[in-house]
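Architecture at a glance
Here is what each chain is made of, one letter per residue.
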Amino acid sequence: MLLAYLIAHSREVSGSTLPSGPGRAAFAETCSRCHALPDPRQHAAADWPAVVMRMEQHMKDLKIGTASQTEVSQILLYLDRVSPHKPTAP
């Protein structure tokens, strides 16, 4: 059951296919500590801050070295640049 869930929800991309831009290296290094890199376009830009905060908490819980605040800022800026932006309501 767990394997089926992981397969259904995996979104692996290789580091070479990540969109380029500032913060890409911090994203790739930090996120790959625990799992395969997700495609940053899988979430809307507005959704990423909550995902990053959740992942930071998982890293703390698992006692895995967390990113510095500078790296977190770089990651969030990168994700904002490369992720789709939902249109604003009229």
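Just above, that's the structure.
Definitions and limits used
- Once a new chain begins, its residue numbering starts again from 1 and follows that chain's sequence as written.
- The predicted origin of the model limits local features to residues at a pLDDT of at least 70 and limits the giving and counting of side-chain atom pairs to 80 or more, whereas totals for whole chains, interfaces and linings rest on all residues.
- The side-chain figures draw on all heavy atoms in the structure; neither hydrogens nor water molecules are used.
- Strands here mean DSSP runs of E at least two residues long; helices mean DSSP runs of H or I at least four residues long; both are numbered from the N terminus.
- Only protein chains enter the area calculation, which uses a 1.4 Å probe; residues under 20% of their type maximum are buried, those over 50% are exposed, and those in between are partly exposed.
- Counting rule for charge: Lys and Arg are taken as positive, Asp and Glu as negative, and neither His nor the chain ends is counted.
- A side-chain nitrogen of Lys or Arg and a carboxyl oxygen of Asp or Glu constitute a salt bridge if their distance falls within 4 Å.
- Pairs of residues are marked as contacts when any of their non-hydrogen atoms sit within 4.5 Å.
- Only Phe, Tyr and Trp rings take part, Trp by its six-membered ring, and two of them pair if their centres are within 6.5 Å. Stacked means planes under 30 degrees apart, edge-to-face means over 60, and tilted covers everything else.

**Some details on the side chain of Glu 56**
Following the sequence through the fold, Glu 56 ends up in helix α3 (residues 48-61). The charged side chain of Glu 56 is buried without a salt bridge, its nearest counter-charge being Lys 60 at 5.7 Å. Apart from residues no more than four positions distant in its own chain, Glu 56 is found in contact with Thr 66, Gln 69 and Val 72.

**Some details on the packing of aromatic side chains**
Inspection of the entire model under this criterion finds two aromatic pairs. For the ring pair Phe 27 and Trp 48, a centre distance of 6.5 Å and an interplane angle of 85° mean the geometry is edge-to-face. Placement of the pair is Phe 27 in helix α2 (residues 24-31) and Trp 48 in helix α3, with a sequence separation of 21 residues. Both rings, one in Phe 27 and one in Tyr 78, keep their centres 5.6 Å apart while their planes meet at 40°; by these two values the pair is tilted. Residue Phe 27 is located in helix α2, and its partner Tyr 78 is located in helix α4 (residues 69-82); the two are separated by 51 residues in the primary sequence. Grouping residues by exposure puts Phe 27 and Tyr 78 together as buried. Taken together, the ring pairs in this structure connect Phe 27, Trp 48 and Tyr 78 into an aromatic cluster.

**Digging into the environment of Thr 66**
Note on placement: Thr 66 falls in the loop between α3 and α4. The partly exposed category is assigned to Thr 66, whose relative accessible area is 35%. For the pair Thr 66 and Cys 31, spaced 35 residues apart in sequence, the C-alpha to C-alpha distance is 9.8 Å. Those residues in contact with Thr 66 that sit more than four places away from it in its chain are Arg 33, Glu 56, Met 59 and Lys 60.

These values are about where atoms sit, not about what they do.
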